[in-house]
Amino acid sequence: MFANVGWGEMLVLVVVGLVILGPERLPGAIRWSANALRQARDYLSSATSQLREEIGPEFDDLRGPLSELQKLRGMTPRAALTKHLLDGDDSLFTGSFDQPTAPPPVSPAPPARPEAPPGSPAPFDTDAT
């Protein structure tokens, strides 16, 4: 849960706690937090061991689908589509269906209109209006 909290974040938390709680109440708050975390960890580990004892060998069978869920959770949408809908064939996304075809031939450009001399009005095109 707190695996990605670094020393910088811990230092910020201590400074904020020092400002909010003060120097006389901060050690007690840290002790209380550490004890609460230790009790929660002990409770969870004892619940896990109790489940393992009661369920027996089927406990490992329960872990299989959970590990599969963990794998799915880390998949990107593209990888999930490729795996489940396209049977691992990602050619839809890479665009490599067939050999690339040659581009169509370019037709010659239409003849350009003569430019109007500077200072004269632009030519009027009746088809454009």
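For every chain, the first residue of its written sequence is number 1, and the numbers climb from 1 along that sequence. Local features in this predicted model are restricted to residues of pLDDT 70 or higher, and side-chain atom pairs are both shown and tallied only at a pLDDT of 80 or more, whereas totals for entire chains, interfaces and linings draw on every residue. To get the side-chain values, all heavy atoms of the structure are used, and hydrogens and water are removed first.

**Q** Looking at this model, I keep getting lost on the overall build of the chain. Mind explaining?
**A** Per the secondary structure count, the chain includes 5 helices and 0 strands. What counts as a helix is a DSSP run of H or I of at least four residues, what counts as a strand is a run of E of at least two, and both are numbered from the N terminus. Sequence-ordered secondary structure for the chain, helices as α and strands as β, is α-α-α-α-α. Exposure is judged per residue with a 1.4 Å probe applied to protein chains only, and the accessible area is read against the type maximum: over 50% gives exposed, under 20% gives buried, and values in between give partly exposed. Within the span of the chain, comprising 129 residues, buried residues form 5% of the whole. For the chain, the computed accessible surface area is about 12,000 Å², with 63% contributed by carbon and sulfur atoms. Using a 1.4 Å probe, the Shrake-Rupley method yields the accessible areas, and only the shown protein chains count as cover for residues.

**Q** Whenever I open this one, the UniProt feature "transmembrane region" (unreviewed entry) in the chain confuses me. Can you help?
**A** UniProt positions are given in the numbering used here, feature names are shortened, and annotations may be inferred rather than shown by experiment. Here, the residues flagged by UniProt with the feature "transmembrane region" (unreviewed entry) are residues 6-23. Note that residues 6-23 is 83% helix and 0% strand, and that its end C-alpha atoms are spaced 23 Å apart.

**Q** Could you clarify how one ought to interpret helix α1 (residues 7-21) in this entry?
**A** Since there are 3.6 residues in each turn of an α-helix, residues three or four apart along the chain are aligned in direction. A helix is expected to span 1.5 Å multiplied by its residue count minus one. With 15 residues, α1 extends 20 Å from end C-alpha to end C-alpha; this agrees with the ideal 21 Å at 1.5 Å per step. Where α1 ends, the next residue or the one after it, G22, has phi of about 95°, a positive value.

**Q** Can you help me understand the packing of helix α2 (residues 26-55) against helix α3 (residues 58-73) in this one?
**A** Pairs of packed helices are described in terms of their axes, by the angle between the two and the distance that separates them. Note on method: axes are straight lines fitted to C-alpha atoms, helices fitted across the in-contact stretch only, with angles between N-to-C directions ranging 0 to 180 degrees. For the pair α2 and α3, the least separation of the axes is 7 Å and the interaxial angle reads 115°. Side by side, α2 and α3 meet where T48, L51, R52 and I55 of the first sit next to E58, F59, L62 and R63 of the second. We call Asp, Glu, Lys and Arg charged. Ala, Val, Leu, Ile, Met, Phe, Trp, Tyr, Cys and Pro are nonpolar, and the rest, Gly among them, are polar. Partitioning the contact of α2 with α3 into residue classes produces 4 nonpolar, 1 polar and 3 charged. Whether two residues are in contact is decided by their heavy atoms, any of which lying within 4.5 Å being enough.

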